[in-house]
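# Commentary on secondary and tertiary structure
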Amino acid sequence: MDEKKIWKQNLVRAQEGDLYKHLTQRRFHKIGGYGRFDRAIAAISALLQATVRMKLKFIQRDAGLHLGCQLFADLIMTPNFPVLAIDRTLLTALEQTAVPPDIFTLKPVLKTGLILLPQKTIQTPDGDWIDWIAFRHAEAGQLLTSLQTAEGINRPTRMAEDSIGWATQPSVVTWASNQPLSRWADEEAPPMFGGDVTDQALSLRLSTLLANFLLYLQTYPQDIQPENNATGFSSATQNTKRRSPKILFPRWVGRGYKQPQERPSQGRHRKHTSPQPHWRRGHWRRVPVGKGRKGREWRWIKPVLVNLE
């Protein structure tokens, strides 16, 4: 039988299982054009239920599968883990921003969570669209959730160093990556991404997006809306009179973000600039603050869209 057909059958069975029913007791409104909480939970439940029937050595042969199982287990074992929706304009800007070498100084704002993405924005080399990612910002020494496999519950392990990781399951393949923060600072040892060139490109794209997203959360905490705030949703989702108050809204991140733009150059300087619309990439800085300017805070030098008519 075709692998995708088997996966769809696993999704159906997962939605009948106790894990899915438990996790979806916390219900979320659907957002037009974004990934859905219930579908993400169905995929996570299907994978974790499958690993219960697998031997650990088989799981470990596939680095993406092993990491994905571990990260999903960490997510679901976090009570009321945050569910966030990233604004499309902010997502584009974060992808146009370089990750700072000193990101290793970043302390966790959120240790884990689920991010709902704009649909048809990020695609795997297999052609599947990624509508959500689970993430983890772990510190060195952190105890990771034990996996349950065919041999029983495995011995827990600890994170070797500060790292950020993500995982997603758009279809049959589990896509995941975990990057020690120290690697971003070492030019001779850049972040390591396994697989072929297309796999590496996807891993780099999502790891860069996540690193910048976590920096944004720390720098702009006021730009994170609470779960029960409907502001900014389409009119179809704002009709709360007909909806149960027990159904939550994902926490919007970046709804207040305004993209800086620069109009076409005028006068004698125009010949020195590209006439085509393009991005001037953004970056992060650590600036001195406080008494004696001894403290340090992150500042985002936002990317600029140049020559957009």
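Structure report, in brief.

What follows is about the layout of surface pockets. Put simply, the second largest pocket is a space of about 430 Å³. Lining the second largest pocket are 18 residues, and of these R39, W129, D131, Q169 and P170 sit closest to its centre. Among the secondary structure elements, those contributing two or more residues to the lining of the second largest pocket are α1 (3-15) and α3 (37-51). By residue number, the principal contributor to the lining of the second largest pocket is α1, which donates 4 residues. For the lining of the second largest pocket, the class distribution of residues is 7 nonpolar, 4 polar and 7 charged.

Spatial ordering of the open sheet is given by β7-β6-β3-β2-β1-β8, a layout of 6 strands whose pairing is mixed. With partners counted over all chains shown, the strands left at the sheet margins are β7 (175-180) and β8 (251-253), one partner each. Between one strand axis and the next, the sheet turns by 25° as a mean value, whatever way the strands run. Its contacts with the sheet place helix α5 (residues 63-76) against β2 (112-116), β3 (132-138), β6 (163-168) and β7, and it is angled at close to 80° to β3.

Rules used throughout
The residue numbering used here restarts from 1 in each chain and proceeds along that chain's sequence as written. The model is predicted, so local features are restricted to residues of pLDDT at least 70 and side-chain atom pairs to those at 80 or more, both for listing and for counting; the totals for chains, interfaces and linings are taken over all residues. The basis for every side-chain value is the complete set of heavy atoms in the structure, and neither hydrogens nor water enter the calculation. Only protein atoms enter the 1 Å grid used here, on which a cavity is any set of points holding a 1.4 Å probe that cannot leave and a pocket is any open set flanked by protein within 12 Å on both sides along at least five of seven lines; residues with an atom within 4 Å of a point are listed as lining. Grid points are joined across faces, edges and corners, and a volume is the space filled by probe spheres set on the points. For helices the rule is a DSSP run of H or I covering at least 4 residues; for strands it is a run of E covering at least 2, with both sets numbered from the N terminus onward. Following the grouping adopted for this structure description, the nonpolar residues are Ala, Val, Leu, Ile, Met, Phe, Trp, Tyr, Cys and Pro, the charged ones are Asp, Glu, Lys and Arg, and the polar ones are all others, Gly among them. The criterion for strand pairing is that DSSP finds at least two bridges linking the strands in question. The angle between two axes is taken between their N-to-C directions and runs from 0 to 180 degrees, where each axis is a line fitted to C-alpha atoms and a helix contributes only its stretch in contact. What makes two residues a contact is simply this: any of their non-hydrogen atoms within 4.5 Å.

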